[in-house]
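# Coordinate analysis (summary)
Given next are the chains, with one letter for each unit.
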2 protein chains.
Amino acid sequence: MRPEDIPVVRNLPLFSDMDDRRFEELVEAALLQTFPPQVDLIREGDPADFLYVLVEGAVEMYASHNGRETTMAVIEPTSAFILAAVLNDVVCLMSARTFLPSRLMMIPNEHIRRCFSEDTTFAGAVAAELSKSYRQLVKQHKEIKLRFAGERLANYLLRQSQARGDPTQFTLPAGKGTIAALLGMTPENLSRAFGALSAHGVRVRGGNIHIDDAKRLADFAKPTPLIDAVEEIYERRGVKSIGP
Amino acid sequence: MRPEDIPVVRNLPLFSDMDDRRFEELVEAALLQTFPPQVDLIREGDPADFLYVLVEGAVEMYASHNGRETTMAVIEPTSAFILAAVLNDVVCLMSARTFLPSRLMMIPNEHIRRCFSEDTTFAGAVAAELSKSYRQLVKQHKEIKLRFAGERLANYLLRQSQARGDPTQFTLPAGKGTIAALLGMTPENLSRAFGALSAHGVRVRGGNIHIDDAKRLADFAKPTPLIDAVEEIYERRGVKSIGP
DNA sequence: ATTCCATCTTGATTTATATCAAATATGGGG
DNA sequence: CCCCATATTTGATATAAATCAAGATGGAAT
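Residues numbered from 1 in each chain as written. Chains lettered and ligands numbered in written order. Predicted model: local features only at pLDDT ≥ 70, side-chain atom pairs only at ≥ 80, totals over all residues. Heavy atoms only, no water.

## Observations regarding the relation of the copies chain A and chain B
For the match of chain A to chain B, the screw axis carries a shift of 0.0 Å, the RMSD comes to 0.0 Å, and the turn is 180°. In the structure described here, the two chain copies are related by an operation that fits a two-fold rotation axis. A share of 98% of the interface residues of chain A reappears at the interface of chain B, consistent with the copies meeting face to face through the same patch. (Least-squares fit on C-alpha atoms with pLDDT ≥ 70 in both. Contact = heavy atoms within 4.5 Å.)

## Here's the deal with the interface of chain A and chain B
Listed as interface residues are 63 residues of chain A and, on the opposing side, 63 residues of chain B. Counting the surface lost from both chain A and chain B, the interface buries some 5,900 Å², and carbon and sulfur atoms represent 67% of this. Considering only the side of chain A, the residues that lose the most area to chain B are Leu93, Arg135 and Leu146 of chain A, jointly responsible for 13% of the buried surface there. Here chain A and chain B share 26 residue pairs in polar contact (both at pLDDT 80 or more) between them. Taken together, the elements giving at least two residues each to the side of chain A that touches chain B come down to strand S4 (59–65), strand S5 (68–75), helix H4 (83–88), helix H5 (109–118), helix H6 (120–146), helix H8 (176–182) and helix H11 (225–228) of chain A. Counting residues per element, the side of chain A that touches chain B draws most heavily on H6 of chain A, which supplies 19 residues. Counted by class, the side of chain A that touches chain B contains 28 nonpolar, 17 polar and 18 charged residues. (Buried area = accessible area lost by both parts, 1.4 Å probe. Polar contact = N/O pair within 3.5 Å; in protein donor to acceptor, adjacent residues only side chain to side chain. Helix = DSSP H or I, 4+ residues; strand = E, 2+ residues; numbered from the N terminus. Nonpolar A, V, L, I, M, F, W, Y, C, P; charged D, E, K, R; others polar.)

## Re the sheet that holds strand S4 (residues 59–65) of chain B
Taken in spatial order, the four strands of this open sheet run S2-S7-S4-S5 (chain B), and their pairing is antiparallel. With partners counted over all chains shown, the strands left at the sheet margins are strand S2 (40–42) and strand S5 (68–75) of chain B, one partner each. Here the average twist between neighbouring strands, direction ignored, is 35°. Across four bridges, the pairing between S4 of chain B and strand S7 (residues 95–98) of chain B is antiparallel. Each residue of the ladder has a partner; that of Val59 of chain B, found in S7 of chain B, is Thr98 of chain B. Across the sheet, H6 of chain A lies against S4 and S5 of chain B, angled at about 135° from S5 of chain B, the strand it touches most. (Pairing = 2+ DSSP bridges. Axes fitted to C-alpha atoms, helices over the stretch in contact; angles between N-to-C directions.)

## With respect to H5 of chain A
All of the buried residues along H5 of chain A are Asn109, His111, Ile112, Arg113, Cys115 and Phe116 of chain A. Packed against the buried residues of H5 of chain A are helix H3 (20–29), strand S3 (50–56), H4, strand S8 (102–108) and H6 of chain A together with helix H6 (120–146) of chain B. (Buried < 20%, exposed > 50% of the residue type's maximum accessible area, 1.4 Å probe, protein only.)

## Points about the nonpolar core
Residues Phe15 and Phe81 of chain A together with Phe15 and Phe81 of chain B are the most contacted members of the largest nonpolar core, which totals 106 residues. In this structure, Phe15 of chain B is in contact with Val9, Arg10, Phe23, Leu26, Leu51, Val53, Ile107 and Phe122 of chain B, ignoring residues within four places of it in sequence. Grouped together as the second largest cluster of nonpolar side chains are 25 residues, Phe99, Phe170, Leu172 and Ala180 of chain B included. (Core = buried A, V, L, I, M, F, W, Y, C linked by side-chain atoms within 4.5 Å.)

## Considerations on the environment of Leu158 of chain A
Residues and elements named next belong to chain A. For Leu158, the position within the fold is in helix H7 (residues 149–163). For the pair Leu158 and Ala63, spaced 95 residues apart in the sequence, the C-alpha separation amounts to 26 Å. The contact partners of Leu158, leaving out residues within four places of it in the chain, are Ala214, Leu217, Ala218, Ala221 and Pro223.

## What to know about the sheet that holds S3 of chain A
Residues and elements named next belong to chain A. Across the sheet, which stays open at both edges, the four strands sit in the order S1-S8-S3-S6 with antiparallel pairing between neighbours. Both edges of this open sheet fall to strand S1 (31–35) and strand S6 (79–81), since each of them pairs with a single strand only. On average, adjacent strands in this sheet sit at an angle of 30° to one another, irrespective of strand direction. Two elements, S3 and S8, share six bridges in a ladder whose sense is antiparallel. Paired with Phe50 across the two strands is Pro108, which belongs to S8. Taken strand by strand, H5 contacts S3 and S8, and its axis lies near 60° from that of S8.

## Some thoughts on the protein's contact with DNA strand C
The immediate surroundings of DNA strand C are formed by 14 residues, with Lys176, Ser191 and Arg192 of chain A together with Asn189 and Arg192 of chain B found nearest. A share of 59% is what sugar and phosphate atoms reach among the atoms of DNA strand C within 4 Å of the protein. One of the side-chain N or O atoms of Arg192 of chain A is found 2.9 Å from a base nitrogen in DNA strand C. Thr186 of chain B has a polar backbone atom sitting 3.3 Å from a phosphate oxygen of DNA strand C. Where the surface near DNA strand C is concerned, the elements lending two or more residues are H8 and helix H9 (187–197) of chain A together with helix H9 (187–197) of chain B. Classifying every residue of the surface near DNA strand C by side-chain character gives three nonpolar, six polar and five charged. (Near = heavy atom within 4 Å.)

## Here's the deal with the environment of Lys215 of chain A
One can find Lys215 of chain A in helix H10 (residues 214–221). As for Lys215 of chain A and Ser198 of chain A, which are separated by 17 residues in sequence, their C-alpha atoms are 14 Å apart.

## Here's the deal with the packing of helix H3 (residues 20–29) of chain B against helix H5 (residues 109–118) of chain B
Residues and elements named next belong to chain B. One way to put it is that H3 packs onto H5 with a least axis distance of 10 Å and a crossing angle of 165°. When the axis of H3 is compared with that of H5, the two are roughly antiparallel. Here H3 and H5 pass one another in a crossing that is right-handed. The residues of H5 that touch H3, namely those facing Arg22, Glu25, Leu26 and Ala29, are His111, Ile112, Arg114, Cys115 and Glu118. Taken together, the residues that form the contact of H3 with H5 break down as four nonpolar, one polar and four charged. (Parallel < 35°, antiparallel > 145°, perpendicular 65-115°, else oblique. Left-handed = near helix turned anticlockwise from the far one by under 90°.)

What follows is the structure in C-alpha cells.
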C-alpha cells in the first residue's frame, strides 16, 4: 500500500474524526489494490464484503435488468462507495467497474460494521455520509422525472463546469456513452442534444466542453439548487442548547 | 396529544432503542397536530424545522420544477420523513401534503439533532433509517431508468399485493393520478397501462385491484429483488469479533 | 503513415409516452 | 337522491426518445 494514499483516505469526512488507533486498525485490515480499466469490482446481487474507497482513477456504478443497462453514478477520487450495503450487511444494488486504471482501498465489511457499532464518532460520520448520498440521489431522481433529456444535459454541463475549476472549459469525466446512460438517454440522443446546445453557446470537441457564456446556457437550462446544488457533507458540530 | 399514539411512535426502529428519558424529552418538545386532506406540510426549499412522524392518515411527498410536478413517495403510518434534511439542518428537497385526514407528530429540528449528537444509540438508528431510505431510492431510480411504464405498473401492483395482506386483492393507497405520478407517467397512460394488464389477469374497479394469478402477472412484470424487495431496517446488533 | 477497432455522429424510422379534447364515471354536499 | 366538481377513461394527435442503419472520427498498435 502506498504510504502517501493513507492521509488522503484519512481526510475523508467519513474517517477524519475517527481516532488514530481505530483508523490504524482499518488500514491494517484493508487491502489496497490496483486495477486496470474495465474491471468489474462489484456485481449487483453480491454481498457487500468490502467498503471501497477510490483513491485514484475512476469507477462507474451501474445497474442491469432485463437486458438493459444504465449508469447510476460516476465516482471520482477520493470517495467511498456501497456504504449502505456494507452497513446493513446486505447485497449490493449496483454493480461497479473501473473505467480508468484505479487504486482502491477495500475495507472488510466486519471492520466497518464493528467501528460503526463501537465508535460513536464514526456512526455519526456514517449518518452524515448517508444523508449526503440520499439527498444527492433525491436530486437525481427529481431531475430524471422533471426534466427533458436536453435540459438534463445542459444542467449537467453547468454543474460540471462549476465543480471543476474553469467555468468556461472542462473535460467530461467519462466517455459520452457513459454520460448518456448517466443522464438517462442513448448515445445517439446525447449527440443530438449536444448539437442542440450549440445554439446556447456550448462547443464540443471530443470530451472537451467549452461554454461560451454560462448565463446564456443557464437561461435555457433553468438550474435550481433544489436539483443542482452539490450536497455538502454535514459537519457534526454541537447543537446550541435548547430552552431557557 | 393522544396518549395512545405515543407507544406507536416509540416502537419505530428510529426510536425503539432510545432510552426513556430522552424519548420523553422528544415527546415533550413535539407537537401533535391533526390536518385535513390537501394541506401542505412542507414546501421544498423551506428549512427543515421539524422531523415529521405520520401517525395516522397519508402523506404525499412531491417535487415541482418549471411548472411540472411529480410524486416522489406515498407515506403511510407509521413512519418518519425528511430525516436527512433535519439532520443536516438544510432545506427540504421535497414538498409534502396530506391527502387523507392525518395526525402527525412534529419534533423540532434542534431536538433531533441534539439527540443525534449526544445519543449513540439514536445516531445508529438514524444511520439505519437513512441507509434504508437510500436503498429504497436506489431501487426507485433503477426502476424508472430500466423499466417501461407498463412494467413499472405491473411490478408496483405485485409489490403492493405483497405488502398488504391479501395477494389477490387490495386497494390503491392513493388516487390514480398520484400513483401515475409516482410511477413516472401521466394519468391517461396509467389508465391505458391498466387496460393492457387485463391481458395478464389484472382486474380494476375504482381503486380496487384484483390479481387473478400473481405468477402470471410476474411472467410479464419480471420482478427482481434488486428493484422490488422491501428494504428491511437494519437491526443494530453486535458484530462478531474479528481475527483469532 | 496505415490499418483496425471502438466511439461517436447523423439520418431515417419506430416506439413510448405526453398532450389535447371529449366523454364518462365517481363521490361528497345540499 | 340529485347535482356538481373532480377524477378517470377513451380516442386522436403530437412530441420525445429509442432503435436501426450507415458513415465519420479518432486513437492505438503496427
